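Here is what each chain is made of, one letter per residue.
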Amino acid sequence: MSCATRRWSLLAIVTAVIPLGLSSAAHAAPATPNTALQSHAACADNRPGLAHCLADVMMPTAVTALTVAPHGRSSVTYPNPVGWTPSALANVYGIHWGSTAGATKKIAIVDAYNSPTIAADLATFSTTYGLHQCTVANGCFTKVNQNGGATMPATDVGWALEINLDVEWAHAIAPAAKIELVEASSASFSDLMTAENTARNSGAQVISNSWGASEFAGEASLDDAWTPGAGQTVFFAAGDSGVGAEYPSSDPNVVSVGGTNVHVNGKTVTETAWSGGGGGCSAYEAATVAQKALGTEAQAGCGTKRATPDLSAIADPATGVGVYTTTAYSGVTGWLVVGGTSLASPVVAATTVDNGVTLTPAMIYGSTMSWRDVTAGTNGAPCRTGYDLCSGRGTWLTARNSVVPVPVKLY
């Protein structure tokens, strides 16, 4: 997503983001100044040969103008989370959520650069929401470099926030699953390909990738780098710049995850398009066999080319989630509200391990999965009944329908 901004009052964000469950550790209302917020791309760089992360963070207007503080120092700290609780977001998608969700499974997460505080930040996140602790000591959390070693790459504050989003919310949706974080030395495709190979060989059932780049001629020659192993699903965020396919999301071997805005009225959940959610017709990749069988590429106006996304999940930062970080981002530590298709990818990856399935194109474009069809809004392409470039097939409902059987609460 570009750095074009949308301004909101912080009170509006708290009101719009509707948690449906609250851990005892987070009962205190956050101390929130009534200042304007803007949506800000954590990784704005989009140069050829480099990937950009797809996290979008809501920041007070005054704070975004600050220079990044040195690690360990902060000019602003938010002591409490704002956004969905894990149990609330699980209810939105009908996930059989609880302390054993994801047990015996592993989620691999590939990102660039390093979040030096992720292990400690994950511990605080888990304590806040009453989740199972996922630590190096208990064997739940592993962090390696792109070659599987222990020497970590340099820190980049934008990618560090991305890493914290990915790890914390994969854990939030699948609390009992193991997590292996693989950190590439840089955002170059060559380094990320090496990291992806390490993740593929990690024994993980799913690999979540919350990054991408504009499509380019010759991209198909790299497709083998993202091909999942046996019994494995690879997810890529579809992008945060609205209509237009991104790579590797457009690779036919992967599951492309777009983004929505989530609304709650009483106990009823509806989802509309997030204007920034990625999706589009690939310029270089052919449609999958499963897409062709459904007629998806023709319905979307893509001819015989790959259409993205395949499915979607919560992404609009205005209805985002709390991410905890002590690596200062624009001078801020503590809890930040973050979204982007960077959120949607780990949420769907964690949902997949919760359900113990290998999510294949044949499943997504078949008739065995239940969907909340997203028919309202636009990302530059209109949402409509059935498949579209706005949300793919819609959002995956794993157990329940759109009626949420728990009271709505605000922080």
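Below, the structure is looked at part by part. (Residues numbered from 1 in each chain as written. Predicted model: local features only at pLDDT ≥ 70, side-chain atom pairs only at ≥ 80, totals over all residues. Heavy atoms only, no water.)

Glancing now at the pattern of salt bridges. Proximity of charged atoms lets side chains of opposite charge pair with each other. Counted under the stated rule, the structure contains three salt bridges. A salt bridge links aspartate 310 to arginine 306, with the nearest nitrogen and oxygen atoms 2.8 Å apart. The class for aspartate 310 is buried, based on a relative accessible area of 3%. On the basis of relative accessibility, which here comes to 0%, the residue arginine 306 falls in the buried class. (Salt bridge = Lys/Arg side-chain N within 4 Å of Asp/Glu carboxyl O. Buried < 20%, exposed > 50% of the residue type's maximum accessible area, 1.4 Å probe, protein only.)

For the bond running from tyrosine 247 to proline 248, omega is 10 degrees, close enough to zero to count as cis. With respect to the helices, strands and loops of the structure, proline 248 is situated in the loop between strand 12 (246–247) and strand 13 (255–265). Of note, the bond from threonine 308 into proline 309 is cis; its omega dihedral lies within 30 degrees of zero at 0 degrees. Positionally, proline 309 belongs in the loop between strand 16 (305–308) and strand 17 (311–314). (Helix = DSSP H or I, 4+ residues; strand = E, 2+ residues; numbered from the N terminus.)

In globular proteins that are soluble, nonpolar side chains generally tend to be buried together. In terms of nonpolar packing, the biggest core is built from 96 residues, with Leu89, Tyr93, Ile107, Val167, Trp169, Trp211 and Trp226 touching the most fellow members. Beyond its immediate sequence surroundings of up to four residues, leucine 89 is in contact with Trp84, Trp169, Ile173, Ile314, Val321 and Val347. (Core = buried A, V, L, I, M, F, W, Y, C linked by side-chain atoms within 4.5 Å. Contact = heavy atoms within 4.5 Å.)

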